[in-house]
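Below, each chain spelled out in residue letters.
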Amino acid sequence: MNEDFIPMAKPDLSGNEMKYVTNCIKTNWISSQGEYVERFEKNFSDYCDVTHGIATSNGTVSLHLALKALGIGKGDEVIVPNFTFAATVNTILHSNAIPVPIDIDKNSWNLDPEKIIENINEKTKAIMPVHIYGQPCEIDRIVEIAEDNGLFVIEDCAEAHGAEFSGKRVGSFGDISSFSFYGNKIITTGEGGICLTDNNDLKNKMEKLRDHGMSPNKRYWHEEIGYNYRMTNIQAAVGVAQLERIDSFLEKRNDIYDLYTKELKNIKGIETQYDFKNRKKVNWMYSILINENEFGKSRDEVREILKQNKIDSRPFFYPINKMSLYDEFTNGKKYPNSEIIGRKGISLPTFTQMKTQDVKRITKTLEKITDI
Ligand SMILES: *Cc1c(COP(=O)(O)O)cnc(C)c1O
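Procedures and definitions
Residues numbered from 1 in each chain as written. Predicted model: local features only at pLDDT ≥ 70, side-chain atom pairs only at ≥ 80, totals over all residues. Heavy atoms only, no water. Buried < 20%, exposed > 50% of the residue type's maximum accessible area, 1.4 Å probe, protein only. Helix = DSSP H or I, 4+ residues; strand = E, 2+ residues; numbered from the N terminus. Arc of directions from axis to C-beta. Contact = heavy atoms within 4.5 Å. Pairing = 2+ DSSP bridges. Near = heavy atom within 4 Å. Polar contact = N/O pair within 3.5 Å; in protein donor to acceptor, adjacent residues only side chain to side chain. Areas by Shrake-Rupley, 256 points an atom, 1.4 Å probe, with all protein chains shown as cover. 1 Å grid on protein atoms, 1.4 Å probe; cavity = no way out; pocket = protein on both sides within 12 Å on 5 of 7 lines; lining within 4 Å. Sits in = over half its atoms within 2 Å of the grid points. Nonpolar A, V, L, I, M, F, W, Y, C, P; charged D, E, K, R; others polar. Right-handed = clockwise from strand over helix to strand, strands pointing away.

Quick notes on helix α11 (residues 299–308)
All buried positions along α11 are accounted for by Arg299, Val302, Ile305 and Leu306. Taken around the axis of α11, the buried residues stretch over an arc of 125°, which confines them to a single face. Residues of α11 that are exposed and point more than 90 degrees away from the buried face comprise Lys307 and Gln308. Structurally, α11 contributes buried residues whose contacts are with β12 (286–290), α10 (292–295), β13 (314–315), α13 (336–344), β14 (345–348) and α14 (356–371).

Next comes the structure, spelled out in structure tokens:
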């Protein structure tokens, strides 16, 4: 059989992307000034129901910008999940602060609020929850813990555009929230990111730090050691077009989620994402756990067989404590849930233009694997 390769992700650029990008080129506004940046900031912050948006070059520097704007630096501790993409932890180190990775909850795969409390001390300054694989974390409880202890909350929403907790969009809970618009995220600007906040002072601080720490009133007069973290008008043009279709993107991703879940329902040894009553997750990458004993093959064996069948997949993130790079922050601590989930987890292809037959080819392949 000569079947096509099914990739993990594929951006859908079939809306107004070409038109708006062409407009940037025709009008010469290709750098970080121009109408699309402000439009994107306004439209995306409105979408999340937050007052201000500060667009950035990517979703890693937006996390760094948030930490800097909150004054987090040397000697400060920031609580972060042990199970996340490394950028979350690295930006704490870029700020010269100390990451405190803690274990996750076994159902949500996200920060466990009770473990946060155990890890707060006089050096703790912030909590950096991540809404992993489109699943909102227990953000109301996390904000409550932060308020009780005088801590900041920076939400990493890179994988959860449009997800909701108690009817409110993620990104609207923290002091600052951060999104990524990398090519495989739910909406993309190629590379890109944004910080959202309701606080006017934090907005001004972030805008200044994003632009070399320059005084907004005096050209070339620098008041802080800043950065160049600006988004270009071309990136923003793509973003404005993407955002016009976010509802239909999420709907299609939801349909793909439902189809996968239905087709995999009767296969033993596959555990799908948990459904919480008051949380609306989004399907960034269809993510499941393979229980080797029941399924008959390990996660890595499954990935190999999928590959032979021209189907792409991703292993889950390696828990931070497994990488020796981070030993000094994880030594002596136990992370049973992250380790189990990191070892069993696999993400399957998910993109808006995926066809029913693509999903079924993948689920049929998984079904066959169990019989081998
Ligand atoms: C993608 C991602 C980031 C980083 O975003 P980039 O735009 O690629 O720099 C940060 N955190 C999480 C959880 C991510 O998935």
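Text resumes after the structure shown.
A few points about the environment of Cys195
The topology assignment puts Cys195 in strand β9 (residues 193–197). For Cys195, a relative accessible area of 0% gives the class buried. Each C-alpha atom of the pair Cys195 and Lys334 lies 32 Å from the other, and the pair is 139 residues apart in sequence. Sequence-distant contacts of Cys195, defined by excluding residues within four places in its chain, comprise His52, Gly53, Ile54, Ser62, Leu65, Ala66, Ile176, Ser177 and Met206.

Quick look at the sheet that holds strand β11 (residues 279–280)
The antiparallel open sheet is built from three strands, whose spatial order is β7-β6-β11. Each edge of the open sheet carries a strand with a single partner, namely β7 (168–169) and β11. Looking at chain direction, strand β6 (residues 164–165) and β7 are connected through two bridges and run antiparallel. Among the inter-strand pairings, Glu164 is bridged to a residue of β7, identified as Arg169.

A look at the site of the ligand
Not every one of the 14 residues close to the ligand is listed here, only the nearest: Gly59, Thr60, Glu159, Ser180 and Lys185. One of the side-chain N or O atoms of Asn58 is found 3.5 Å from an oxygen atom in the ligand. The contact in question runs from a nitrogen atom of the ligand to an N or O atom on the side chain of Asp156, over 2.8 Å. When isolated, the ligand has an accessible area of 390 Å², and the protein chains bury 92% of it. Judged by the proximity of its atoms to the pocket grid, the ligand belongs to the second largest pocket. Tallied by class, the residues present in the shell around the ligand amount to four nonpolar, seven polar and three charged.

A word on the pairing of strand β4 (residues 124–127)
The side chains of a regular strand alternate, residue by residue, between the two faces of the sheet. Sheet topology places strand β2 (residues 77–81) next to β4; three bridges connect them, and they run parallel. If you follow Ile79 over to β4, its bridge partner there is Ile127. Bridge count between β4 and strand β5 (residues 152–156): two bridges; the pairing is parallel. If you follow Ala126 over to β5, its bridge partner there is Phe152. Crossover connection from β4 via helix α6 (residues 139–149) to parallel β5: handedness right-handed.

So, the environment of Phe276
Considering the arrangement of structural elements, one finds Phe276 in the loop between β10 (270–271) and β11. Considering only alpha carbons, one finds Phe276 and Asn107, 169 residues apart in sequence, at a separation of 9.3 Å. Non-local contacts of Phe276, meaning those with residues more than four positions away in its chain, are made with Asn107, Ser108 and Gln135.

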